[in-house]
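What follows is each chain in one-letter form.
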Amino acid sequence: MGAMFRSEQMDLVQLLIQPEAAYSSLAELGELGIAQFRDLNADINVFQRKYTSEIRRCEEMERKIVYIRRELNKDEVSTPDFSDNIPRTPNSRELIDLEAALEKTENEIMELSENTHALLQNFMELTELKSVLEKTQGFFSDKSAAQNLEATGGDPGSENKPLGFVAGVIPRERIIGFERMLWRVSRGNVFLRQTPIDKPFTDPRSGDQIYKIVFVAFFQGEQLKSRVKKICSGYHASLYPCPNDYNERSEMLQGVRTRIEDLNMVINQTKDQRQRVLISVAKEVPKWEIIVKKVKAIYHTLNMFNVDVSKKCLFGEAWVPTYNLQDVKNALIAGSSAVGSSVPSFLNVISTQEAPPTYNRTNKFTQGFQNLIESYGVASYREANPALYTTITFPFLFAIMFGDLGHGLILLLLGLWMVLWEKTLDKNKDEIWQLFFGGRYIILLMGIFSMYTGFVYNDVFSKTMNIFGSSWSINYNTSTIMTNTDLQLNPGEDYSETVYWYGLDPAWMLASNKIIFLNSFKMKLSIIFGVVHMIFGVCMSVVNNVHFNKKVNILLDFIPQLLFLLLLFLYMCFMMFFKWVQYTAVTEEDHLKPGCAPSVLIMFINMMLFKSQEPLDGCKEFMFEGQNTIQMVFIFIALICIPWLLLAKPLYIKFTRKNKGAGDHVASGGHGDHDDEPMSEIFIHQSIHCIEYILSTISHTASYLRLWALSLAHAQLSEVLYSMVFTIGLRNDSYVGAIMIWVVFWPWAVLTIGILVGMEGLSAFLHTLRLHWVEFMSKFYEGLGYPFQPFCFKAMLAAENEEK
């Protein structure tokens, strides 16, 4: 947790690396993922940088791997998963071997693919020819027409004009246009016969299913024959030889069938060989993909380095966590020794005025809470990190709105399932699931805290638990029970003055005045927790001021802000506690009975407006002696805080500029960032800051009432769902009632999980997020930094997998 208090301390370092050791050194740094490099060649064209040719080699290897991967997917060959066992970066010699292996594999697969395509094309043509020879038997089955055609080759009505014909196949979708075109060109002098082929053909290239039709076109004359062939060519119809004589067709058909059988055997052998090659390659392809991506990233990073005049050394700059400086030095040493370089690489820490990146070291538990904070804005460098406190305050405020022991148990089981089976569930790369899965520890804590607050509220699926016995004793006879179904708890008569051991007494669940009691209880709790939360946020600004050596801001900003919050709103919380303790139903003094207890809200409003209110007979206006004087003092000091907050800081800046004139002194006072800003703008900015804080203190306090509103709504909705759905099965005390309970349980369970846990949980989550972003973090959090994005192979591969 200590690492989450504020971001890591960063150093800007200069790396001096020998060219022969640059590749291996960057490979070591990429494995560690602790250095964010700066581009020192931003003004140089990408194509003019030193390692552009190496990047093109990597892109060529990527192209070959993509081709191999496409062929694997085409044949549905599975590949192993290397996401949990990422191979290390190869050295330069191994990279040459990889290039040769990819070249050989690509050529082998391309050769097999071309052979397969050629064989399949030949097979399809032979199959079409077989279909033509088989289907045209019916076209020549008419005995008189066949005799005339085979003997004279002419039309029976025109013996001196012989008939010709062409036979072939055409795609089914083209046959209508093909027939119309023949009719128009020949003016009706072409006789077309057609029949569909039952089984579709598979395209050798695309693998798509193609339906075709066998046709025979009869015509007269060579001129018409030439036109028919041109139309066939235009419509991509395949023409095949078809003898006139029946015996010749039969003999040709037998030969075609024999050739198809032989070709089919060759195709199967070729496919088996291709399958063996692809299976052997599939084991290496994922490893090749990772290696090439790593190598390409290394050369892209090396292109950010500068080369000295003698071209004997590479200069690079990077942001590195101070904690990891020694790790970077060790990586440079390992990179130089890997290539046997006699000249060592160097690392120098350089000073800069540039703001370093923000890096919060997290683990799988804290990462989800850190993501919540960074969704609002990345913390400024070394600024106090709210994620540390959010690990507790976020699930707790959520639980106040979602307080139900049963619903909290469902959330707990959901979070526990995702935590215990996280390795299996993490393999689902769906974007929405990953967003949900990333907050598994948040869900787990929200479930635990919701069970805690549900136990305090004594609420389990809208029902109560009588664990420690009730502290209420209702004394009324049977006739009263029969005539009056309303049960109102009166602490003056029915309370035993023995405090229920933990949480709410179960008797309140049966009382008709339960809503009045819970309203008052939860409303006051929400204000108390809200004020404490805001005070903590204001106090966190002291941590930032002390760390950034802006201690004068404690006097100029923090003290007036804290006094305004304490003297008004913390005092209001004090009056709530004092009222709970001071006024009881069994007191002997009339002015301390519940009827004389003043409204805290009305008293606070009268305090702010300097008004007084006539108390009831026998009662007192104030809770204790001297309260009016104390309130006047508080109001006076709070009013002083407004001009204090408005003018003190701008006047201090103006005074230090005029009399001191020392930039160092101003900086030490925390105002170095105002040195170049005109005084008019400083006054305007401080005025906005003052008005925003004063108004937001009031609005933010009221905003915490959402804790009360959502808690009450959640409890009432749960009670309505139980009374309208589940009680249907409880109205019958026979065996039918037992069946009805089983029947209505399922819609009740579905509505409970879908509405009360799902929708209500999401609503409470979003309201809790708003309370942290606006009401809490606005008191001290700037969020003007930029994230630390190191050169890291693991992060790079994870990002690419998410894009896929």
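Read on for an overview of the structure. Keep in mind that what you see is a predicted model, and the values were worked out from it rather than measured. (Residues numbered from 1 in each chain as written. Predicted model: local features only at pLDDT ≥ 70, side-chain atom pairs only at ≥ 80, totals over all residues. Heavy atoms only, no water.)

### Observations regarding unusual backbone geometry
Leave glycine aside and you will find that most residues have negative phi; peptide bonds, for their part, are mostly trans. So the rule is basically this: Secondary structure elements follow DSSP: runs of H or I of four or more residues count as helices, runs of E of two or more count as strands, with numbering from the N terminus.
Not every positive phi belongs to a glycine, and E76 is a case in point at roughly 55°. Residue position: E76 is located in the loop between α2 (52-74) and α3 (92-139).

### Brief notes about the packing of α2 against helix α7 (residues 246-282)
Two measures define how a pair of helices packs: the angle their axes make with one another and the distance between the axes. Stated formally: Between the N-to-C directions of two axes lies an angle of 0 to 180 degrees, each axis being a line fitted to C-alpha atoms and, for a helix, fitted only over the stretch in contact. Each angle is binned into one of four classes, with values under 35 degrees roughly parallel, values over 145 roughly antiparallel, values of 65 to 115 roughly perpendicular, and all other values oblique. A clockwise turn of the near helix away from the far one marks a right-handed crossing, whereas an anticlockwise turn of less than a right angle marks a left-handed crossing. Between two residues, a contact is recorded if the distance between any of their heavy atoms is within 4.5 Å.
Look at α2 against α7: their axes get within 11 Å of each other, and the N-to-C directions meet at 120°. Overall, the two elements α2 and α7 adopt an arrangement that is oblique. When the axes of α2 and α7 are compared, the crossing they make is left-handed. Facing α2, whose interface residues are I68, E71, L72 and K74, α7 presents R274, L278, V281 and A282.

### Looking at the state of the cysteines
To be explicit about the condition: Here, a disulfide means two cysteine sulfur atoms that sit within 2.5 Å of each other. Burial here depends on accessible area, computed with a 1.4 Å probe over protein chains only, as a share of the maximum for the residue type. Under 20% is buried, over 50% is exposed, and the range in between is partly exposed.
All told, the structure shown has one disulfide when counted by the stated rule. Paired by a disulfide, C596 and C619 hold their sulfur atoms 1.9 Å apart. Negative torsions about the S-S bond denote left-handed disulfides, and the value of about -60° found for C596 with C619 makes this one left-handed. Highlighted residues: C596 in the loop between α18 (552-582) and α19 (600-609) and C619 in the loop between α19 and α20 (627-660), separated in sequence by 23 residues. Of the two residues, C596 and C619, both sit in the buried class.

### Topic: the packing of aromatic side chains
Stated precisely, the cut-off is as follows: Pairing of aromatic side chains here covers Phe, Tyr and the six-membered ring of Trp, requires ring centres within 6.5 Å, and sorts the geometry by plane angle: under 30 degrees stacked, over 60 edge-to-face, intermediate tilted. Here, a charge over a ring means that NZ of Lys or CZ of Arg falls within 6 Å of the ring centre while also lying within 35 degrees of the ring normal.
Tallied over the entire structure, the rule returns 45 aromatic pairs. The interplanar angle of 80° and the centroid separation of 5.1 Å between the aromatic rings of F396 and F529 together place this pair among those described as edge-to-face. Within this pair, whereas F396 is found in helix α11 (residues 387-401), its partner F529 is found in helix α17 (residues 514-547), the two being separated by 133 residues in sequence. The rings of Y376, Y389, F536, W773, F776, F780 and Y781 are connected pair by pair, giving a single aromatic cluster. A cation over an aromatic ring shows up here: R172 above the ring of Y211, its NZ or CZ 4.4 Å from the ring centre. The ring centre of Y457 lies 4.2 Å from the NZ or CZ of K522, which sits over that ring.

### Topic: the nonpolar core
Stated precisely, the cut-off is as follows: Residues grouped as a nonpolar core are buried Ala, Val, Leu, Ile, Met, Phe, Trp, Tyr and Cys residues, joined through side-chain atoms within 4.5 Å.
If you look at the biggest cluster of nonpolar residues, it comprises 59 residues, and the most contacted ones within it are F564, L568, F569 and M572. By residue number, the principal contributor to this core is α18, which donates eleven residues. What L568 contacts, discounting residues up to four positions off in sequence, is F604, M607, M608, I635 and A638. A21, I34, L98 and W288 belong to the second-largest nonpolar core, a separate cluster that totals 54 residues.

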